[in-house]
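As a plain string of letters, each chain reads:
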Amino acid sequence: MRTSFVFSEVVTGLRRNVTMTIAMILTTAISLGLLGGGLLIVRMVDKMQDNYQSKLEVSVLLTNDVSANDKDCAQQPCAGLRSALETTSGVETVVYENRDKGYERFKQIFEAQPELVKLARPEAIPATFRVKLEDPARAGVIVQAFTGKAGVKAVNDQGEFLGRLLDVFNGLRNIVLGLALVQALAALLLISNTIQVSAFTRRTEVGIMRLVGATRWYTQLPFLIEAVVAGVIGAVVGVGGLALMVWGGTRVSGELFSSQILPPMGLLDVVIISPILLGVAVFISALTGYVTLRLYVRL
Amino acid sequence: MIRLEHVSKVYKTSTRPALDNVSVEMDKGEFVFLIGPSGSGKSTFLRLLLREEVPSKGRVYVSNFDVAKMSRRRVPRLRQSIGCVFQDFRLLTNKTVAENVAFALEVIGKPRNTIVKVVPEVLQLVGLDGKADRMPHELSGGEQQRVAIARAFVNRPLVLLADEPTGNLDPDTSQDIMLLLERINRTGTTVLMATHDHSIVDSMRRRVVELDHGRIIRDDARGVYGVGR
């Protein structure tokens with residue numbers, strides 16, 4: 001196989017069809033950019049789960065009565081609740097936080113909003129058991145067992161809040177991946193169309209190739225490589241766009257990330273997912289090219 | 001070299017067979033004219049040899065290829081042993097004379113050093129030395145057909161098929177092309193030429209196979225185009 005010949009054919013083909021080639025590259029780039037966006041969200045959700053999973057707790061809030069009168073959890077029902085929590089299977093640690101400690105913590109959390117701290121009275125803060133579980137997913141057991149018990153005001157599962165937040169991100173991911181799919185379909189049809197046009201404009205060459213006994217590979221390879229080259233350029237453009245967006249995004253929303261509410265997504269993450277995007281581009285364009293040549297183009 | 005055994009070809013779009021129980025044999029090194037009116041089956045005959053078509057019945061042999069039965073994978077090998085020339089030349093307009101000829105070798109994967117050696121040789125053989133870098137549109141019709149013949153012959157095929165090669169040329173130029181085809185025939189290549197050109201057939205006095213309505217109605221060893229025509 002003469003590679004120089006095949007590549008000169010590829011370059012001729014792409015140049016001759018330059019508007020179609022550009023359209024093909026752009027749709028591929030947008031499609032892969034969206035796919036990459038979806039993958040970044042997946043990574044972000046994973047990181048978030050990792051970040052918070054170890055910190056997730058179940059809070060058992062105690063009634064006002066207990067909070068006011070039992071600073072050390074020495075009396076009933078507080079002491080009973082503590083031993084009941086400690087003996088529940090799957091519980092790792094139980095920490096009692098009385099009203100004063102709770103107020104301190106509240107002040108710390110809302111340090112940045114002094115007016116809120118000013119408004120809050122220690123009496124509004126309940127004493128709390130902070131329960132850490134071996135498996136945060138099993139928080140439901142604690143919630144069920146302790147809700148409504150004497151001295152218990154409410155049982156909050158932080159995992160539930162995190163779950164809702166993650167649901168939002170997962171929804172966003174689904175939308176982005178859905179758009180990527182639609183765009184991928186457009187890219188696919190464009191690739192197929194471009195190959196057909198390309199084969200038509202080169203029908204004389206292809207006719208002569210067939211006549212002088214060129215093998216199927218020799219006649220088809222330039223078209224296939226054309227599709228793959230456009231796919232790869234599309235992937236590179238897509239990854240470039242994604243990197244630009246992530247870079248710009250981290251600058252604009254820097255505070256959101258630095259406050260550690262959302263795990264930061266950096267260029268490294270883009271680099272990590274780029275081989276996937278490149279692989280998808282090569283695979284899809286080669287497959288589309290092959291199927292098109294088989295079905296629609298008589299070579 | 002070429003053998004057809006009871007070959008019939010019926011196209012799906014037609015009820016009348018394009019070829020009807022044709023049996024004929026052509027030896028290595030023969031020069032054969034295939035004549036007959038339009039629609040008599042000449043083109044189908046040539047297309048069967050190239051395996052552009054498969055016969056509805058019968059067997060086709062070219063060299064030691066069983067053309068009708070061979071797998072698709074082997075078709076390129078068959079075509080590499082057959083050269084083709086057409087009435088409309090079929091040159092690539094964006095390539096020079098030398099590039100047009102080299103193209104036929106490039107696409108079957110011949111190495112570069114072979115190509116640079118044999119292309120000038122074959123251009124000299126067809127009388128185009130010195131015109132290697134011309135573009136097809138800078139050449140006369142006869143010269144363009146010489147390029148096409150050079151391209152067909154550059155891989156030294158066993159058989160050269162020519163479909164009305166002089167159809168677009170004036171009589172003098174046609175004579176030159178015929179001389180060239182004779183020269184190629186003398187190298188041992190079997191030449192099969194489909195034509196309507198009376199004067200050429202009459203002056204060459206070679207074997208004539210005449211088709212009419214898909215049947216062979218005449219096969220003369222040293223024939224003319226037609227009695228009384």
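Each chain carries its own residue numbering, running from 1 in the direction its sequence is written. The order in which chains are written sets their letters, starting at A; the order in which ligands are written sets their numbers, starting at 1. Totals for whole chains, interfaces and linings use every residue, but because this is a predicted model, local features are given only for residues with pLDDT of at least 70 and side-chain atom pairs only at 80 or more, for both listing and counting. Computation of side-chain values: all heavy atoms of the structure, hydrogens and water removed.

Q: Sorry if this is basic, but what is going on with the overall build of chain B here?
A: Assigned secondary structure in chain B consists of 7 helices and 10 strands. Viewed in the frame of its principal axes, chain B has a C-alpha envelope of about 50 × 45 × 30 Å. By definition in these notes, contact holds between two residues if any of their heavy atoms fall within 4.5 Å. Of the contacts made within chain B by residues no fewer than 6 positions apart, 68% connect residues no fewer than 24 positions apart. By element, 46% of the accessible surface of chain B is carried by carbon and sulfur atoms, the whole surface being about 10,400 Å². Think of it this way: Lys and Arg go in the positive column, Asp and Glu in the negative one, and His and the chain ends go nowhere. Here the site of a charge means atom NZ of a Lys, CZ of an Arg, CG of an Asp or CD of a Glu. Taken as two groups, the 35 positive and 28 negative side-chain charges of chain B have centres that lie 8 Å from each other. Numbering of helices and strands runs from the N terminus, with a helix taken as a DSSP run of H or I at least four residues long and a strand as a DSSP run of E at least two residues long. Each accessible area is a Shrake-Rupley estimate made with a 1.4 Å probe; only the visible protein chains count as cover when residues are assessed.

Q: I tried to follow the packing of aromatic side chains on my own but got confused; where do I start?
A: Remark: the centre distance and the inter-plane angle together describe each pair of aromatic rings, the angle taken between the planes. Pairs were defined over the aromatic rings of Phe, Tyr and Trp, the Trp ring being its six-membered one, requiring ring centres within 6.5 Å. Orientation was assigned from the angle between planes: stacked under 30 degrees, edge-to-face over 60, tilted for the rest. With the rule as written, the count across this model stands at 2 aromatic pairs over all chains. Judged by centre distance (5.3 Å) and plane angle (55°), the rings of Y96(A) and F129(A) are tilted. Linking Y96(A) in strand β2 (residues 91-97) with F129(A) in strand β3 (residues 128-133), this pair joins segments that are 33 residues apart in sequence. This pair shows no difference in class: Y96(A) is buried, exactly as F129(A) is. To sit over a ring, a charge needs its Lys NZ or Arg CZ within 6 Å of the ring centre and within 35 degrees of the ring normal. Sitting above the plane of the Y61(B) ring, R3(B) keeps its charged end 4.5 Å from the centroid. In this structure, R90(B) packs its charged tip against the face of F86(B), placed 3.8 Å from the ring centre. Buried means the residue's accessible area, taken with a 1.4 Å probe over protein chains only, is under 20% of the maximum for its type, while exposed means over 50%, and partly exposed covers the values in between.

Q: I tried to follow the domain arrangement of chain B on my own but got confused; where do I start?
A: Note: interface size is frequently given as the accessible area lost on complex formation between the parts. Residue and element names in this part refer to chain B. Each assigned domain of chain B is listed with its residue range as follows: domain 1 (1-81 + 158-229) and domain 2 (91-156). Counting from both sides, the interface comprises 14 residues of domain 1 and, opposite them, 12 residues of domain 2. Using a 1.4 Å probe, buried area is obtained as the accessible area two parts lose upon being combined, added over both of them. Considering only the side of domain 1, the residues that lose the most area to domain 2 are Q80, L180 and I184, jointly responsible for 39% of the buried surface there. Here a polar contact is taken to be a pair of N or O atoms separated by no more than 3.5 Å, where protein atoms must pair a possible hydrogen donor with a possible acceptor and residues adjacent in sequence count only if both atoms sit in side chains. Applying the counting rule to domain 1 against domain 2 returns 3 residue pairs in polar contact (both at pLDDT 80 or more). The dominant element in the side of domain 1 that touches domain 2, judged by the number of residues it contributes, is helix α6 (residues 171-186), at 7 residues. When residue character is reported, Ala, Val, Leu, Ile, Met, Phe, Trp, Tyr, Cys and Pro are called nonpolar, Asp, Glu, Lys and Arg charged, and the others, Gly included, polar. Tallied by class, the residues present in the side of domain 1 that touches domain 2 amount to 8 nonpolar, 4 polar and 2 charged. In this entry, domain limits derive from an automatic or database-based domain assignment.

Q: Would you mind showing me how to read the sheet that holds strand β8 (residues 190-194) of chain B here?
A: Paired through their backbone hydrogen bonds, the strands of a sheet run either parallel or antiparallel. All names here are of chain B. Pairing is mixed in the open sheet, where 6 strands are placed in the order β6-β7-β8-β3-β9-β10. Since the sheet does not close on itself, it has two edges, and those belong to β6 (82-86) and β10 (215-220), each with one partner. Going from strand to strand, the sheet's axes swing by 15° on average, the running direction of each strand aside. Relative to β10, strand β9 (residues 207-212) runs antiparallel, the two sharing 5 bridges. Pairing between two strands requires that DSSP report at least two bridges joining them. Fitted lines through C-alpha atoms give the axes, limited to the stretch in contact for helices. The angle between two N-to-C directions lies from 0 to 180 degrees.

Q: Sorry if this is basic, but what is going on with a nonpolar patch on the surface here?
A: All names here are of chain A. Patch definition: residues above 30% relative accessible area lacking any salt bridge, with like charges linked at up to 9 Å and the nonpolar side chains Val, Leu, Ile, Met, Phe, Trp and Tyr linked at up to 5 Å. Salt bridges are defined by distance alone: a side-chain nitrogen of Lys or Arg within 4 Å of a carboxyl oxygen of Asp or Glu. Taken together, the side chains of L185, L188, L189, F283, I284, L287, Y290, V291, L295 and Y296 define a hydrophobic patch exposed on the protein surface, amounting to about 980 Å² of accessible area. Top contributing element to the nonpolar patch by residue count: helix α12 (residues 267-295), with 6 residues. As for its placement among the helices and strands, V291 is situated in helix α12. On the basis of relative accessibility, which here comes to 37%, the residue V291 falls in the partly exposed class.

Q: So what exactly am I meant to see when it comes to the side chain of E97(A) here?
A: Residues and elements named next belong to chain A. Looking at the secondary structure, you find E97 in strand β2. Exposure remark for E97: the relative accessible area of 10% places this residue in the buried category. A distance of 3.2 Å separates the side chain of E97 from the side chain of R130, its partner in a polar contact. In this structure E97 touches G102, R105, A127, T128 and R130, once residues within four positions along its chain are discounted.

Q: It is not clear to me how the pattern of salt bridges should be interpreted in this structure. Could you clarify?
A: Between side chains of opposite charge, a pair can form when the charged atoms approach closely. Using the criterion set out here, one finds 21 salt bridges over all chains in the structure. With its nearest N and O atoms 2.4 Å apart, the salt bridge here joins E226(A) to R202(A). A residue pair is termed long-range when its members are at least 10 positions apart, and E226(A) in helix α10 (residues 216-252) and R202(A) in the loop between α8 (158-201) and α9 (203-211) qualify at 24 residues. Neither E226(A) nor R202(A) differs from the other in exposure class; each is buried. Between R3(B) and E5(B) there is a salt bridge, and its shortest N-O distance comes to 3.0 Å. Taken together, the salt bridges that share partners define one network made up of E9(A), R202(A) and E226(A).

Q: Even after reading the chapter, I still don't get the nonpolar core, so can you show me in this structure?
A: One broad rule of soluble globular proteins: the nonpolar side chains tend to lie buried together. Ranked by internal contacts, the top residues of the largest apolar core, which has 57 residues, are F33(B) and V107(B). Residues within four places of F33(B) in sequence aside, it is in contact with M178(B), M193(B), T195(B), I200(B), V201(B), M204(B), R206(B), R207(B), V208(B) and V209(B). If you look at the next biggest cluster of nonpolar residues, it comprises 31 residues, including L211(A), L48(B), L161(B) and V209(B). As used here, the term nonpolar core means buried Ala, Val, Leu, Ile, Met, Phe, Trp, Tyr and Cys residues forming a set that is joined through side-chain atoms within 4.5 Å.

Q: How should I be thinking about the environment of R210(A) in this particular structure?
A: For R210(A), the position within the fold is in helix α9. For the pair R210(A) and L62(A), spaced 148 residues apart in the sequence, the C-alpha separation amounts to 86 Å.

Q: I would appreciate a short explanation of α9(A) in the present structure.
A: Since one α-helical turn is 3.6 residues long, residues separated by three or four positions face the same way. Those residues of α9(A) that fall on the buried side of the exposure criterion are E205(A), V206(A), I208(A), M209(A), R210(A) and L211(A). Here the buried face of α9(A) lies against α1 (3-16) and α10 of chain A together with α2 (75-80), β6, α3 (97-106) and α5 (141-153) of chain B. Phi turns positive, to about 95°, at G213(A), one or two residues after α9(A).

Q: What am I meant to see in the interface of chain B and chain A here?
A: Facing 24 residues of chain B, the contacting portion of chain A comprises 17 residues. Here chain B packs against chain A, burying approximately 1,700 Å² in sum over the two surfaces, 59% of which is carbon and sulfur. If you sort the residues of chain B by the area they bury against chain A, R79(B), F103(B) and V107(B) come out on top, with a joint share of 31%. Counting across the chain B and chain A interface gives 1 salt bridge. Run the count over chain B and chain A and you get 3 residue pairs in polar contact (both at pLDDT 80 or more).

Q: Can you walk me through the packing of α3(B) against helix α4 (residues 112-125) of chain B in this structure?
A: The description of two helices packed together rests on the angle between their axes and the distance between the axes. All names here are of chain B. One can describe the packing of α3 onto α4 by two numbers: an axis separation of 10 Å at closest approach and a directional angle of 130°. Considering the angle they form, α3 stands oblique to α4. In this structure, α3 meets α4 at a crossing whose hand is right-handed. Along the contact surface, α3 presents V97, A98, V101, A102, L105 and E106, while α4 presents R112, I115, V118, V119, V122 and L123. The residue makeup of the contact of α3 with α4, split by class, is 10 nonpolar, no polar and 2 charged. Should an angle lie under 35 degrees it is considered roughly parallel, over 145 roughly antiparallel, and from 65 to 115 roughly perpendicular; all remaining angles are considered oblique. Left-handed is the label given to a crossing in which the near helix is rotated counterclockwise from the far helix by less than a right angle, and right-handed is the label when the rotation is clockwise.

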